[in-house]
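Chain residues, written in single-letter form:
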Amino acid sequence: MQRRADWLRVDIGDDHAHLPVIDIDSGVPGPSAVVTANVHGDESSGVVAVHALDRWLQDSLVRGRVRLYPSLNPRALALNTRRVPHDGADLNRCFPGRTGGTASERLAAAVWASIGEVTPDVLIDLHTDSAGSIPYTIVDRAVSLSGRARTRLDTELLKLAQDSGLTVLLEYPDDLYQRFALDRSLAGAVVNRLHKPAVTIEAGPRGVVDWDAVSIMRRAVHGVLARVGLVDGTAQPDASRVTCPSGTWRRGTTARTRRAGVFVPSLRPGDRFRPGVVLGVVRDLVGDPLDEVRAQSNGVVVSWVDSPWVESGQVVGTIGIAEEG
Ligand SMILES: [Zn+2]
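A.B. asks: Run through the sheet that holds strand β11 (residues 261-265), naming residues and quoting values.
C.D. replies: Pairing in this open sheet of four strands is antiparallel, and the strands run β14-β13-β11-β16 from one edge to the other. Two strands bound the open sheet, and with one partner strand each, they are β14 (289-294) and β16 (309-310). Inspection of the sheet shows strand β13 (residues 278-283) paired to β14 by five bridges, in the antiparallel sense. When the sheet's bridge partners are listed, V281 is paired in β14 with E292.

Below is the structure:
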């Protein structure tokens, strides 16, 4: 077993970023994996989860090697902010990046090149959603492939996500997936440019290190790495802390309010619903109801937004729509 910690120095215009990179090699031939965290700077539980994975893998890696990136956006971590501070861009819509581009594009390009050195068999990207969220694993859409190649990768992605032990959420349908540039997220770019499986794990709130989320992430990564054959065992979700409705769900944008006000959810994250059920109510500050947000299909509540005040037309959370057939 060999462990090496290093820094990736990235020239991002008139500043530099220093990204921590940790390589763990079992010394036994096998697959390779990459685990990344903190592409969004205010999503800090993943940083601590990667540190926990580092210690755990030194005892548990049975074959192959793993490269860990505890923070892809350390300056934003320091400011506890989501976006890259130099240009305000969402780093998770910039992959594979561009050398000589904006600060975010340069950062993405450096990360992309570094990941390419490993030629990973799987990439796992750790994120957090909101305080009102169940943990879940996102499956990207392999929109760059078609026919049998797409089916093969889609199947592999689904199996890996299921082995995380968390609720599985398929990304938006192809047209929305591309309109929202999700093929330029880190996981989306790995799927659509390297044609390798990548999953995004979301657990816990933003802005704080949440120890339940750290534990959930570590266990979920265990499950995914076990499927690839890097470690033994399976994911062991902690039932006392995790609500994980099983089944396959598709991310929906249909939970929107028509009025501005205070959004009060009627259901808890993890609750299932049927068409017509009231998901939540928008009230004015006197307490009078202004609008009801109703379900349009069968589904599950994945997360509610952190901000209690919602604007007219705003999406109030992430819901999973039952994937038929
Ligand atoms: Zn994120």
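A.B. asks: Tell me what's going on with helix α7 (residues 211-228), and back it up with residues and numbers.
C.D. replies: Taking 1.5 Å per residue, 18 residues should reach 26 Å; α7 reaches 26 Å between its end C-alpha atoms and fits that length. G229 occupies a position one or two residues after α7 and carries a positive phi of about 100°.

A.B. asks: Describe the packing of helix α1 (residues 45-60) against α7, naming the residues involved and giving the relevant values.
C.D. replies: Contact geometry of α1 with α7 gives a least axis separation of 9 Å together with a crossing angle of 50°. With respect to each other, α1 and α7 are oriented oblique. In the crossing of α1 with α7, the sense of the turn from one axis to the other is right-handed. For the pair formed by α1 and α7, the contact residues are S45, G46, V48, A49, A52, L53 and W56 on the first element and A213, V214, M217, R218 and V221 on the second.

A.B. asks: Would you mind going over unusual backbone geometry in detail, with residue names and values included?
C.D. replies: At the junction of F95 and P96, the peptide bond is cis and its omega measures out at 10° in the coordinates. Looking at the secondary structure, you find P96 in the loop between α2 (74-79) and α3 (103-118). We note that T119 has phi near 40°; this positive angle belongs to a residue other than glycine. Structurally, T119 can be placed in the loop between α3 and β5 (122-127). On the neighbour-count criterion, T119 (11 C-beta atoms within 10 Å) is exposed. Of note, H195 is a non-glycine position whose phi angle comes to about 55°, a positive value. On the secondary structure map, H195 appears in the loop between α6 (186-194) and β9 (198-202). Residue class for H195 comes out partly exposed when judged on the 14 C-beta atoms lying within 10 Å of it.

A.B. asks: A description of the pairing of strand β7 (residues 136-139) should follow, citing residues and the corresponding values.
C.D. replies: Because side chains alternate across β7, one face comprises the buried residues Y136 and I138, and the other comprises T137 and V139, equally buried. The sheet contact formed by β7 and strand β8 (residues 167-170) spans four bridges and is parallel. Looking at the pairing, V139 lines up with L170 of β8. One crossover worth recording links β7 to the parallel β8 by way of helix α4 (residues 147-162), and it is right-handed. Looking at chain direction, β7 and β9 are connected through four bridges and run antiparallel. Across the sheet, T137 pairs through a bridge with I201, a residue of β9.

A.B. asks: Could you give an account of the domain arrangement of the chain, naming the residues involved and the relevant values?
C.D. replies: Split by domain assignment, the chain resolves into domain 1 (2-228) and domain 2 (252-320). The gap between the C-alpha centroids of domain 1 and domain 2 is 29 Å. Taken together, the residues that form the side of domain 1 that touches domain 2 break down as four nonpolar, three polar and two charged.

A.B. asks: So what's going on with the nonpolar core? Residues and values would help.
C.D. replies: The biggest cluster of nonpolar side chains holds 81 residues, and the ones touching the most others in it are A33, V35, L107, I124, V199, M217 and V224. Looking at this core element by element, the count peaks at nine residues for α7. Counting the residues that make up this core, at least three belong to each of domain 1 (2-228) and domain 2 (252-320). Apart from the residues lying within four places of it in its own chain, the contact partners of I124 are A33, V35, V199, I201, V221 and V224. One finds F263, V282, W304 and V305 within the second-largest nonpolar core, a separate group that totals five residues.

What counts, and where the lines are drawn
One numbering rule holds for all chains: residues counted from 1, following each sequence as written. It should be noted that, the model being predicted, local features are given only for residues of pLDDT at least 70 and side-chain atom pairs only at 80 or more, the latter also being counted only at that level, while totals for whole chains, interfaces and linings use all residues. Pairing between strands requires that DSSP locate at least two bridges from one strand to the other. In DSSP terms, a helix is any run of H or I states spanning at least four residues, a strand is any run of E spanning at least two, and both are numbered starting from the N terminus. In a helix, the anticipated span is given by 1.5 Å times the number of residues less one. Between N-to-C directions, angles span 0 to 180 degrees; the directions come from axes that are lines fitted to C-alpha atoms, helices contributing only their stretch in contact. Angle categories: roughly parallel below 35 degrees, roughly antiparallel above 145, roughly perpendicular from 65 to 115, and oblique for all the rest. Here a crossing is taken to be left-handed if its near helix is turned anticlockwise relative to the far helix by less than a right angle, and right-handed if that turn runs clockwise. C-beta atoms are placed from the backbone for every residue, and two residues are taken to be in contact when these atoms lie within 7 Å. Partly exposed residues are those whose C-beta has more than 12 but fewer than 20 other C-beta atoms within 10 Å; 20 or more makes a residue buried and 12 or fewer makes it exposed, with C-beta atoms placed from the backbone. Every crossover in which the path from the first strand over the helix to the second runs clockwise, viewed with the strands pointing away from the viewer, is termed right-handed. Where each domain starts and ends follows an automatic or database-derived domain assignment. The classification used treats Ala, Val, Leu, Ile, Met, Phe, Trp, Tyr, Cys and Pro as nonpolar, Asp, Glu, Lys and Arg as charged, and all other residues, Gly among them, as polar. Linking buried Ala, Val, Leu, Ile, Met, Phe, Trp, Tyr and Cys residues through C-beta atoms within 7 Å yields a set, and such a set is a nonpolar core.

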